[in-house]
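Results of the structural survey
In case you want the letters, here they are:
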Amino acid sequence: MAPKKKSKKARKTNPEKSENDLEAKYRRSILDVALLQDQIALQGECVLKIQSDRTDLKRHMRNMEQNLQYEIQDHRDINSDLSRMYKTMHSDLTNKVTSLEKEVSHLQEELVLCQEELKRVKREHEEVQQEKDGIISDLQCKLDNMEIDHEKILHETLNGLTSQLSVVRQGWEVESTSLHQNYKERLAEFGLNALDI
């Protein structure tokens, strides 16, 4: 602080008192200077701290900006990758859908052909079945007729055999009676009775 100017009245005062005032003012000035130096040192420390903090903040800000740039680049890369993947998937799905549509169309055509073939085969099967049924019916009629004919032949044969057996039996009966009579007579010659034997 600048020393105060003395008024004209102070010059007329006592020189000892004036010296004391000067000393007091000097001491006060020294204290003021010391105080100012402390304040300047404190402010210097604050300025240094602020500059250090400012440097740290700038460095931190640069790091943050760099990280932000990295994040932005990563985001762009991810977006680019996702977009590329989406386009690839979309293209693949489109190709797959097209392929499946072609396959469905081809299978539908084959189904129509198979249905027509099935109808033709069924028709042929029905015709063959009708033909078989006709043949079986004819064969059954022939078999029935043959059975009737065989029955007639069998009956005629059995009747003929029965007649022949009857004739033969009558001949055997006559012959056996004659044989029995001969044996009885011979046994009687020897004195034997046929009933005792």
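Everything quoted here is computed from the prediction, not taken from an experiment. In this numbering scheme, every chain counts its residues from 1 along its sequence in written order. At least 70 in pLDDT is required for a residue's local features to be given in this predicted model, at least 80 for side-chain atom pairs to be given and counted, and no such filter applies to totals for whole chains, interfaces and linings, which use all residues. Based on all heavy atoms of the structure, the side-chain values leave hydrogens and waters out of the count.

Side note on the overall build of the protein
Secondary structure elements are defined from DSSP: runs of H or I of at least 4 residues count as helices, runs of E of at least 2 residues count as strands, and each element is numbered from the N terminus. Within the protein, the regular secondary structure consists of two helices and zero strands. Each residue gets one of three labels from its accessible area relative to the maximum for its type: buried under 20%, exposed over 50%, partly exposed in between, using a 1.4 Å probe on protein chains only. Taking all 197 residues of the protein together, 1% fall into the buried category. Residue exposure ignores everything except the shown protein chains as possible cover, and the areas themselves are Shrake-Rupley values with a 1.4 Å probe. Surface accessibility of the protein: about 18900 Å² in total, with carbon and sulfur atoms responsible for 59%.

Notes on a nonpolar patch on the surface
Taken together, Ile 78, Leu 82, Met 85 and Met 89 make up a surface patch of nonpolar side chains, about 400 Å² in accessible area. Here Leu 82 shows up in helix α2 (residues 15-189). Of the residues examined, Leu 82 reaches a relative accessible area of 48% and is grouped as partly exposed. Note that patches include only residues with greater than 30% relative accessible area and no salt bridge, and the join distances are 9 Å for like charges and 5 Å for nonpolar side chains (Val, Leu, Ile, Met, Phe, Trp, Tyr). What counts as a salt bridge is simple: a side-chain nitrogen of Lys or Arg found within 4 Å of a carboxyl oxygen of Asp or Glu.

As for the pattern of salt bridges
A side chain with one charge can pair with a side chain of the opposite charge if their charged atoms come near. Under the counting rule described, the total for this entry stands at seven salt bridges. The salt bridge partner of Lys 49 is Asp 53, with a shortest N-O separation of 3.4 Å. In this pair, Lys 49 and Asp 53 are both assigned in helix α2, four residues apart and thus about one turn of the helix distant. Judged by relative accessible area, which is 32%, Asp 53 ranks as partly exposed. Among the ionic pairs, Glu 124 bridges to Arg 120, the shortest N-O distance being 2.4 Å. Of this pair, Glu 124 and Arg 120 are both found in helix α2, four residues apart, which corresponds to roughly one turn of the helix. Arg 120 gets classed as partly exposed once you look at its relative accessible area, which sits at 32%. Because the salt bridges share partners, they merge into one network encompassing Glu 117, Arg 120 and Glu 124.

Observations concerning the confidence of the model for the protein
How sure the predictor is of each residue is captured by pLDDT, a score from 0 to 100. In this model, the protein carries a mean pLDDT of 86, and residues with pLDDT of at least 70 account for 90%. Contact definition: two residues touch when any of their heavy atoms are within 4.5 Å. Low pLDDT, under 50, characterises residues 1-12; the predicted model gives this stretch six contacts beyond four residues in sequence or across chains.

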